[in-house]
Amino acid sequence: MATMTEPTVSHYQAYKPRPFKREERKDTTILFGGLTWKHERLIQGVMQNMNYNAMPLPNVARADLDAGKELIDVGACCPTIFTTGNLVNFLKSETKHTPKEEVANKYIFLTAGACGPCRFGQYHESYTMALDGLGMRDFRLFLLAQDQLDQGSADGGGLEINLPLSMGLIWAILCADVLTDLEYMTRPYEVTPGQTDKVLQESIEYLYQVYRNRPVKENKWAMLGWHLTTNYFTSALRKVRKMWDAIEVDRLQVKPKVKITGEFWLQTHEGDGNYNIKRWLEQEGAETIPPPIAVWLHYLMHPEIRKLEKRQTMTRNAKIKLAVLQVVERIYNGTYNRFRKALANLPNELPDQIELKNLAEPFYHFELRGGEGHLLIGKALHAYHHKKANMICELTPYSCMPNTMSVGSMANVLGRYPDLLYAPIEIKGDAEVHALSRCQMILTEAKKRSARDMEDVLEKTGLTVEAIRKYEARNPDVRRATYRVPHTGYAGTSANYVAHLAESGRVSRVSSKAPAGCC
Ligand code: SF4
């Protein structure tokens, strides 16, 4: 009699990387990516400082979108598709000349991981799907939690996420952030085209060596103390400032200031993944305010602080934890400010997270986590109220749940503040003309506003462009990239510059009026 056979059930198996052993370190390269080339180069320095071979993936390109679409869930958000495709294309190019097994042994991939309501918590699943599609499930990828500085060793002990590594990574990110701010406030006004990029490249290469040669202490607490007290990084940044002294700028060029906000990866990225929108804005005659990663890291500290503050009863442990977190926050802000100070306080200061939360509160509750949460609303209103930008350009990934909520809430914000110039740009990766033309429409109005501000400040101060030019000819220090123009209440740089020259008495109303008959 024939027997019935049980149908075989194939259960889902979560991806678990095979161990990365300590003795494999010297022959294995850690791949990483997802930030700007500046952040990645400094991170590479930190990893090498900790005796790892490390290499950033090539910058994301348009072809990565196609590679990602082929292998992962079609409904995935555009950053997931781009970044997965980026790894896929790298592995494909390697396996063209090297057997798959060898590639899987030669490299591991380290990426940020998180839990939460958005797909960020599922990134690794997309990577796994792609590895399956490539027939390389044996390839190892490891997650770096964003909220733990000391995660211990990954399976096998080859990778150790400890305090010395995490401190180095955070310090490198903050350093690349302040330099990126300097870059974006200089390049639109440079007198010699290409000079900013050249000096930036030299600065990053110099800082890469600084991070690579960072003194490493055996004891992790000694390492922590050293980071908090050393002048090692600030004196390096002061040297960088001297390099930037050589750049001559013309701040009388009237340009609207455009603040970039949006989903973390899209707003940080510089390249095809966001249609290179930051450079494009500069070509269109704008000054861009890039989003520092530091604001995001600062934001990550706050849910825990809020949770503790809202407790009904404060136990002794809760009080201690809250006090520790508040001290960590102060150290974090203090470090960022020390880096800014070494660069003549030119980079923008970090916004106050409580203020961002309070500004966003009527429109988006801070406990709605996922993506950038309430930050997008808070940052737009912060720039609006403090007159820090003429326009907000929010980069929203196609198929992103948290950003879609934020854009929806902005409709309410705009109802309350109709003169806030806001361009929500949906990024799919393959609809460039549509996205950029939408941005251009709002930019046209921003240009008019910055021109009006310039007319206004010239009229109020009684100065003329000709008089300022004459003053600049006699005082070239004001045309240096490192000359600090304080914020005097206008959004645009040129209007602030004129107001500052008048307020400081450097150019006076009387001397600005050319005598009759004078050229
Ligand atoms: S925030 Fe949006 S775009 Fe970013 S990972 Fe989450 S779902 Fe994707």
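What comes next concerns the included structure. (Residues numbered from 1 in each chain as written. Predicted model: local features only at pLDDT ≥ 70, side-chain atom pairs only at ≥ 80, totals over all residues. Heavy atoms only, no water.)

1. What to know about the pattern of salt bridges
According to the stated counting rule, one finds 30 salt bridges in the structure shown. Its salt-bridge partner being E304, residue K307 comes within 3.4 Å of it at the nearest N-O pair. Pair noted here: K307 and E304 are both in helix 12 (residues 293-309), with a separation of three residues, about one helical turn. By relative accessible area, K307 is classed as exposed at 55%. Via salt bridges that share partners, K38, E183, R187, D197, E270, R279 and E282 belong to a single interconnected network. (Salt bridge = Lys/Arg side-chain N within 4 Å of Asp/Glu carboxyl O. Helix = DSSP H or I, 4+ residues; strand = E, 2+ residues; numbered from the N terminus. Buried < 20%, exposed > 50% of the residue type's maximum accessible area, 1.4 Å probe, protein only.)

2. Some words on a nonpolar patch on the surface
On the surface, a cluster of nonpolar side chains totalling about 190 Å² of accessible area is made up of L228, V327 and I331. One can find L228 in helix 8 (residues 220-229). (Patch = residues over 30% accessible without salt bridge, like charges linked within 9 Å, V, L, I, M, F, W, Y side chains within 5 Å. Areas by Shrake-Rupley, 256 points an atom, 1.4 Å probe, with all protein chains shown as cover.)

3. As for the sheet that holds strand 1 (residues 29-32)
Strand order across the open sheet formed by four strands is 2-1-3-4, with parallel pairing between neighbours. Edge positions in the sheet fall to strand 2 (53-56) and strand 4 (140-145), since each has one partner strand and no second. Within this sheet the neighbouring strands show an average axis-to-axis angle of 30°, counted without direction. When strand 1 meets strand 2, the two strands line up parallel, connected through four bridges. Its bridge partner being in strand 2, F32 is matched across the sheet by P56. Lying on the sheet, helix 1 (residues 37-49) is in contact with strand 1, strand 2 and strand 3 (107-113); it crosses strand 2 at an angle near 170°. (Pairing = 2+ DSSP bridges. Axes fitted to C-alpha atoms, helices over the stretch in contact; angles between N-to-C directions. Contact = heavy atoms within 4.5 Å.)

4. Description of the environment of K198
Structurally, K198 can be placed in helix 7 (residues 195-212). The sequence separation of K198 and E270 amounts to 72 residues, and the corresponding C-alpha distance is 17 Å.

5. Observations regarding the sheet that holds strand 8 (residues 287-289)
Read across the open sheet, the four strands follow the order 8-7-9-10; overall the sheet is parallel. Only two strands of the sheet have a single neighbouring strand rather than two, namely strand 8 and strand 10 (422-427). For this sheet, the mean angle separating the axes of adjacent strands, direction not counted, is 25°. Packed onto the sheet, helix 15 (residues 375-385) meets strand 7 (257-262) and strand 9 (391-397) and runs at close to 165° relative to strand 7.

6. As for the side chain of D250
Mapped onto the secondary structure, D250 falls in the loop between helix 9 (232-245) and strand 7. Beyond its immediate sequence surroundings of up to four residues, D250 is in contact with Y189, V191, R469 and R479.

7. Observations regarding the packing of aromatic side chains
If you walk through the whole model with that rule in mind, you get 12 aromatic pairs. With a centroid separation of 6.5 Å and 55° between ring planes, the pair formed by F233 and F339 is classed as tilted. Placement of F233 in helix 9 and of F339 in helix 13 (residues 316-342) is noted, with a sequence separation of 106 residues between them. Of the two residues, F233 and F339, both sit in the buried class. When the centroid spacing of 5.2 Å and the interplanar angle of 55° are considered together, the rings of Y384 and Y417 count as tilted. (Phe/Tyr/Trp six-rings, centres within 6.5 Å; stacked < 30°, edge-to-face > 60°.)

8. Points about the pairing of strand 3
In terms of residue burial, strand 3 counts as a mostly covered element, since six of its seven residues are buried. Where strand 1 and strand 3 come together, three bridges link them in parallel fashion. What sits directly across from T29, in strand 3, is Y107. Where strand 3 lies against strand 4, six bridges are found, and the strand directions are parallel. Counted as the bridge partner of A112 is L144 from strand 4.

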